[in-house]
Amino acid sequence: MHSIKLGQYKDLQVKKVPPMTDDELAKATENAYNDALKNVEKFTREIKIGDIIMVKLDAKIGEETVADLCKEQMEYDVGNMSMLPEYSKAVGKKVGQTFEMHIPYSENCPVKAARGKTVDYTVTVLDVKFSTPTEVTEDMLKVMDPEAKTEEEIKEKLKFMIKNENEKSLFEANVLKVMEAIKEKSQVTIDGQE
């Protein structure tokens, strides 16, 4: 026959998980704001000379894909003098946008399929590291929160959300601690046949 003896559940001495301090909340809010701003910036700010971008290259000659010249990820410094001028066509683009390059290859190109031919590239911008500091614009703020008019309004909303999320996590963590404390002192006997 089964038996369950419940452990102590009244007057338990369980150390609570401490809530966030005001400083921790302020730091978490600032970090969340900066992360959101960087995400929005990538899709709203245009690429300029000096920015470092990550791109995907799709290479074709006519309708034929040239697999050896395709790249899933390639990083380069826009405007770098060691790159072909075609690569600077990224200027004015944003993350997620594409641009075309048409690059002629010589007869001694290591990729046999491209020798003496012009390869058409479709270049997709995957990511960007801007070389100049972020300038917060009204457009960026609208993308972050269409109802907010200032950075402070957005930060206050983020602070409220982080605080609520923290309180919910604290509650769940404290309930778990109580359950673990009860479980620790409980005894369960299961019938041998079971």
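Presented here is an overview of the structure given in this document. (Residues numbered from 1 in each chain as written. Predicted model: local features only at pLDDT ≥ 70, side-chain atom pairs only at ≥ 80, totals over all residues. Heavy atoms only, no water.)

**Overview of the overall build of the protein**
Okay, so step 1: A count of helices and strands for the protein gives 3 helices and 7 strands.
Okay, so step 2: Each helix and strand of the protein, placed in order from N terminus to C terminus, yields the pattern β-α-β-β-β-β-β-α-α-β.
Okay, so step 3: In the protein, 67% of the contacts between residues at least 6 apart in sequence involve partners at least 24 apart.
Okay, so step 4: Per element, the accessible surface of the protein, about 13900 Å² overall, is 53% carbon and sulfur. (Helix = DSSP H or I, 4+ residues; strand = E, 2+ residues; numbered from the N terminus. Contact = heavy atoms within 4.5 Å. Areas by Shrake-Rupley, 256 points an atom, 1.4 Å probe, with all protein chains shown as cover.)

**Focus: helix α1 (residues 22–44)**
Okay, so step 1: With 23 residues, α1 should reach 33 Å at 1.5 Å per residue; the first-to-last C-alpha distance of 32 Å fits that figure.
Okay, so step 2: What α1 keeps buried is the set L25, T29, Y33, L37, V40 and E41.
Okay, so step 3: Its buried side turned inward, α1 meets α2 (138–144) and α3 (151–184). (Expected span 1.5 Å × (residues − 1). Buried < 20%, exposed > 50% of the residue type's maximum accessible area, 1.4 Å probe, protein only.)

**Some remarks on the pairing of strand β5 (residues 98–104)**
Okay, so step 1: In β5, alternate side chains face the same way, and those of F99, M101 and I103 are buried while those of T98, E100, H102 and P104 on the opposite face are not.
Okay, so step 2: Of the strand pairs in this sheet, β5 and strand β6 (residues 118–129) are connected by 7 bridges, and their pairing is antiparallel. Counterpart to E100 in the pairing with β6 is T122. (Pairing = 2+ DSSP bridges.)

**Looking at the nonpolar core**
Okay, so step 1: Counting residues in each nonpolar core, the largest one holds 25 residues, and the members touching the most others are I53, L57, L69, Y76, M101 and Y121.
Okay, so step 2: Counting only elements with at least two residues in this core, the list comes to β2 (52–61), β4 (71–77), β5 and β6.
Okay, so step 3: With 5 residues, β6 is the largest single contributor of residues to this core.
Okay, so step 4: Excluding residues that lie within four positions of it along the chain, Y121 makes contacts with L57, D58, A59, L69, F99, E100, M101, I103 and Y105.
Okay, so step 5: Counting residues in each nonpolar core, the second largest holds 9 residues, with Y33, V40, I154 and L158 among its members. (Core = buried A, V, L, I, M, F, W, Y, C linked by side-chain atoms within 4.5 Å.)

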